[in-house]
Amino acid sequence: MEINKKENNTVFFDIVLKREDIKKAENEVYKKNKKHFQIPGFRKGHVPMKMIENMYGKDVFFEDAINELLPQEYEKAVKELDLKVVDQPNIDIDEESIEKAEDLVIKVSVDVKPEVELKDYEGIEIEDPTIEVTDELIDSEVENQRAMNARIINVDDRAVEDGDTVNIDFKGSVDGKYFEGGEAESQDLKIGSNTFIPGFEEQLIGHKIGEEFDITVKFPEDYHQKDLAGKDAKFEIKLNSISYEELPELDDEFVKDISEFDTLDEFKADLRKKKEEEFKTTSEMEKQRRAIDKIGEMIEADIPEGMINSQIDDMIRNYDQSLRAQGISFEDYIKMIGQSLDDFKKTMRPEAEKTVKNDLALEALVKAMEIEITDEEIEEEVNKVVEEYFKDDKDHMEKMREYMLNDNKDVVRDDLEKRKAIETLVEKAKFVEPKEITKEDIEEVKEDK
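Presented here is a report on the structure given in the accompanying data block. (Residues numbered from 1 in each chain as written. Predicted model: local features only at pLDDT ≥ 70, side-chain atom pairs only at ≥ 80, totals over all residues. Heavy atoms only, no water.)

### Remarks on the nonpolar core
Core analysis: the biggest nonpolar cluster contains 45 residues, and Leu118, Ile295, Leu360, Leu365, Met369 and Leu425 have the highest contact counts within it. Every element with two or more residues in this core is listed here: helix H7 (264-298), helix H8 (305-325), helix H9 (330-336), helix H10 (341-369), helix H11 (375-389), helix H12 (394-406) and helix H13 (409-428). Not counting residues up to four positions away in its chain, the partners in contact with Leu118 are Ile295, Met298, Ile299, Ala361, Ala364, Leu365 and Ala368. One finds Val11, Ile52, Leu70 and Leu104 within the second-largest nonpolar core, a separate group that totals 29 residues. (Core = buried A, V, L, I, M, F, W, Y, C linked by side-chain atoms within 4.5 Å. Buried < 20%, exposed > 50% of the residue type's maximum accessible area, 1.4 Å probe, protein only. Helix = DSSP H or I, 4+ residues; strand = E, 2+ residues; numbered from the N terminus. Contact = heavy atoms within 4.5 Å.)

### Comments concerning the pattern of salt bridges
Per the stated rule, a full pass over the model turns up 43 salt bridges. Glu28 is paired through a salt bridge with Lys31; the nearest N and O atoms lie 3.7 Å apart. On the criterion of helical spacing, the pair formed by Glu28 and Lys31 is a turn pair, its members being three residues apart in helix H1 (residues 19-33). Residue class for Glu28 comes out partly exposed when judged on its relative accessible area of 43%. The exposed category is assigned to Lys31, whose relative accessible area is 52%. Between Asp314 and Arg317 there is a salt bridge, with the nearest N and O atoms lying 2.3 Å from each other. Of this pair, Asp314 and Arg317 both sit in helix H8, three residues apart, roughly one helical turn. A residue is classified by how much of its surface remains accessible, and Asp314, at 31% relative accessible area, is partly exposed. Through salt bridges with shared partners, a single network forms among Glu286, Arg289, Arg290, Asp293 and Lys354. (Salt bridge = Lys/Arg side-chain N within 4 Å of Asp/Glu carboxyl O.)

### Here's the deal with the packing of aromatic side chains
Enumeration according to the criterion identifies 16 aromatic pairs in this entry. Ring centres 4.7 Å apart and planes at 50 degrees place the aromatic pair Phe219 and Tyr223 in the tilted group. Measuring from ring centre to ring centre gives 5.3 Å for Tyr319 and Phe344, while their planes differ by 85 degrees; the resulting arrangement is edge-to-face. Pair noted here: Tyr319 is in helix H8 and Phe344 is in helix H10, with a separation of 25 residues, a long-range link. (Phe/Tyr/Trp six-rings, centres within 6.5 Å; stacked < 30°, edge-to-face > 60°.)

### Digging into the environment of Ala150
Relative to the assigned elements, Ala150 resides in the loop between helix H5 (135-148) and strand E6 (151-155). For Ala150, a relative accessible area of 18% puts it in the buried group. In the structure, Ala150 is positioned 99 residues away from Glu249 in sequence and 9.8 Å away in space, judged by C-alpha atoms. Leaving out residues up to four positions away in the same chain, Ala150 has contacts with Glu245, Glu246, Leu247 and Pro248.

### Regarding the packing of H1 against helix H3 (residues 62-80)
How two helices pack is summed up by the angle between their axes together with the distance between the axes. Across the interface, H1 lies against H3 with an axial gap of 8 Å and an inter-helix angle of 110 degrees. In terms of orientation, H1 and H3 fall into the roughly perpendicular class. In this structure, H1 uses Arg19, Asp21, Ile22, Ala25, Glu26, Val29 and Lys32 to contact H3, whose residues at the interface are Phe62, Asp64, Ala65, Ile66, Glu68 and Leu69. Of the residues assigned to the contact of H1 with H3, the class counts are seven nonpolar, no polar and six charged. (Axes fitted to C-alpha atoms, helices over the stretch in contact; angles between N-to-C directions. Parallel < 35°, antiparallel > 145°, perpendicular 65-115°, else oblique. Nonpolar A, V, L, I, M, F, W, Y, C, P; charged D, E, K, R; others polar.)

### Notes on the sheet that holds strand E2 (residues 10-17)
With antiparallel pairing, the four strands of this open sheet are ordered in space as E1-E2-E4-E3. Edge positions in the sheet fall to strand E1 (3-7) and strand E3 (90-93), since each has one partner strand and no second. Pairs of neighbouring strands in the sheet enclose a mean axial angle of 20 degrees, with direction left out of account. Two strands pair when backbone bridges link them, and E2 and strand E4 (residues 104-111) are joined in this way by eight bridges, in the antiparallel orientation. Each residue of the ladder has a partner; that of Leu17, found in E4, is Leu104. The sheet contacts of H3 involve E2, E3 and E4, and relative to E2 the element is tilted by about 125 degrees. (Pairing = 2+ DSSP bridges.)

### Re the side chain of Gln311
Residue placement: Gln311 occurs in helix H8. In contact with Gln311, not counting residues within four places along its chain, are Ala352, Thr355 and Val356.

Structural data, given as structure tokens:
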């Protein structure tokens, strides 16, 4: 078995099916299907193969025989040629060899994973994503705690003011016709939250409980419901209630009520410690992400369509799972945003291309660094994983350990190789101050778009 030629990332080779193997496969197909044939003079299922071929043609079992043989021979060829295929193969059968009853020559072409090299990866420059835990940030976290513990005060002696929370019934119409999704009862809305259409919340200010009134707004041009985008709308409003939040005093007593600490200073110190740990973890993850993006930009590769399409399909499956966890089907979601499946796939293509390039770059990095993982490291990783996820189920833990060490060992090795390569890449990277964004940068981005 040998490769005939390779053009870009497409490999061409031949598979030869021996005539005697085809004959054997035809006999097997006959045995499986003879029960379906019925010819006068023979009991059903007992018609001789020759009789069936005489009646239906000598190649009656040929196509099914090829369909039995070819997948097996194709897998053997892929393994023998050590091909990393990324798409379904194209098959071309030599009709002349069929007519001559010779060994059958099948021409195959299939896209394979591009071979890329990564050079000059040591000391790459990356913008430093480290986030400083400032006094302002801690004060903001404390204010969030106050807001979470605020007391709700109902109002009945004044009109709506900015910052109030109102409860309303509303019904929207465009061009005199009510539209789907434009109606609700007992809807809470905080004035100034900017969660409704621009101009909606401001027009509630000054109205009192029990009032019924109309407001007019204009849907944004980029509104997700295309049939409403840019349209003028009228909303019929009934104001049911007004309330506001009364924040607790920021003192030691407040801290005692919401935590195990006795003073505000102790509470802030604990917040700072937790935020520093959180930001350190986030920063390390972001450093790795930026490092991978950087080497992804460094490689040049002609990426087969099959790899990109496969990545898009994976992304859509993940999207679907995430949406279903929220009670929404993917089909309903793309209808809501006014897109077809093809449109949605187009929007995902740039991210899919980037992901594929990054994966190729990471594989090239492992190769360039000559990363090696020992069996001891694999066993240590497996033990850590199974103990974390199956510590309460010892039987399942042992079964999973055995599976990962035997059937899934290469996957664990691959993951550890990439992890070690990324860590080494980050260790040797040079982190620089983030570039200040100027007006010229913004205009350049606009022009690119």
